[in-house]
Amino acid sequence: MGACTCKQGFAAKGTDCVPCAPGTFSGTSGRVVCDECPIGRFAATSGKTKCGRCQKGTFAGSRGMPECTRCPATETTMSTGMESLSDCVCGAGTRPGHNKACEHCEISSSSGLLCLGNNEVKIAQGFYAADSTFSVFRCFGDPLVGDGSRCLEGYPGSNCAAGRTGISCSQCMLNTKRHTDGTCIPCGTKTVTTTML
């Protein structure tokens, strides 16, 4: 003799089957209790058989969420299914600015910034920045763009060509001399530099 069980998306309540409440789901039939949606997922309506992943720009920081929480106005997430406010970051073309709000980046040829998303900002080739305050200087007088440039694409404070230092990477380090490839190379074993170049 057969018995009836509740189908997916429902759970038993006495002799009845009731739909799983928002924020919960039932992926198998015959359930007595619905499961809570895991962190990073949601179920907006009742009777769900599975939970959806939070969309880009949202997150679910706890289990059993009927909806995902939106990131602050200027932020987004880099993927779906994010789990906390810390997953909200500045997207491509923006960077962290004042009061942690994301600011639009000007094109790299004028601003010197490459805003890659996920709060990652690099300094464009042909520009220099000493630190993450993003006081960016154009490397005027840098004769080469591309191979041979003294100001390379990289992170603030570390985008000078090998052996170079100073604002706009304009100086060679002690006991090195300029080389045609934009770097500074060691002086010979019998010579030293007396001034920075």
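In what follows, the structure referred to is the one given above.
Residues numbered from 1 in each chain as written. Predicted model: local features only at pLDDT ≥ 70, side-chain atom pairs only at ≥ 80, totals over all residues. Heavy atoms only, no water.

Attention now goes to the overall build of the chain. Scanning the chain from N- to C-terminus turns up one helix and 18 strands. Radius of gyration (C-alpha) of the chain: 28 Å, far over the 16 Å computed for a compact globule of 197 residues. Taken along the three principal axes of its C-alpha coordinates, the chain extends 100 × 35 × 25 Å. Taking all 197 residues of the chain together, 35% fall into the buried category. Within the chain, residue pairs in contact and separated by at least 24 positions form 33% of the contacts whose partners lie at least 6 positions apart. (Helix = DSSP H or I, 4+ residues; strand = E, 2+ residues; numbered from the N terminus. Rg over C-alpha atoms; globule rule 2.2 N^0.38 Å. Buried < 20%, exposed > 50% of the residue type's maximum accessible area, 1.4 Å probe, protein only. Contact = heavy atoms within 4.5 Å.)

A few words on the environment of valine 33. Secondary-structure assignment places valine 33 in the loop between strand S3 (24-25) and strand S4 (35-36). Look at valine 33 and you get exposed, because its relative accessible area is 54%. Note: C-alpha distance between valine 33 and alanine 11 (22 residues apart in sequence) is 5.4 Å.

Its place among the elements puts arginine 31 in the loop between S3 and S4. Distance from arginine 31 to glycine 126, taken between C-alpha atoms, is 64 Å for residues 95 residues apart in sequence. Residues contacting arginine 31, with those up to four places away along its chain left out, are Cys6, Phe10, Ala11, Ala12 and Ser26. Within polar-contact distance, the side chain of arginine 31 engages the side chain of aspartate 35 at 2.9 Å. (Polar contact = N/O pair within 3.5 Å; in protein donor to acceptor, adjacent residues only side chain to side chain.)

Ranked by size, the top nonpolar core spans ten residues in total: Cys105, Leu113, Leu114, Cys115, Val121, Ile123, Ala124, Phe127, Ala129 and Phe134. Elements supplying a minimum of two residues to this core: strand S11 (113-117), strand S12 (120-123) and strand S13 (127-129). Looking at which element gives the most residues to this core, the answer is S11, with three residues. Not counting the four nearest positions on each side in its chain, phenylalanine 127 is found in contact with Ser108, Ser109, Ser110, Ser111, Gly112, Val136, Phe137, Arg138, Cys139, Cys151 and Asn159. (Core = buried A, V, L, I, M, F, W, Y, C linked by side-chain atoms within 4.5 Å.)

This part takes up unusual backbone geometry. Of note in the backbone geometry, asparagine 119 takes a positive phi value of approximately 65° without being a glycine. Of note, asparagine 119 is situated in the loop between S11 and S12. Since its relative accessible area comes to 38%, asparagine 119 is described here as partly exposed. Non-glycine residue asparagine 175 carries a positive phi angle of around 65°.

Moving on, we come to the pattern of salt bridges. Taken as a whole and judged by the stated rule, the model has four salt bridges. In this structure, arginine 31 engages aspartate 35 in a salt bridge whose closest nitrogen and oxygen atoms are separated by 2.9 Å. A residue is classified by how much of its surface remains accessible, and arginine 31, at 23% relative accessible area, is partly exposed. You can call aspartate 35 partly exposed: its relative accessible area is 29%. Measuring nitrogen to oxygen at the nearest pair gives 3.5 Å for the salt bridge that ties arginine 63 to glutamate 36. On the criterion of sequence distance, the pair formed by arginine 63 in the loop between strand S7 (58-59) and strand S8 (69-70) and glutamate 36 in strand S4 is long-range, its members being 27 residues apart. (Salt bridge = Lys/Arg side-chain N within 4 Å of Asp/Glu carboxyl O.)

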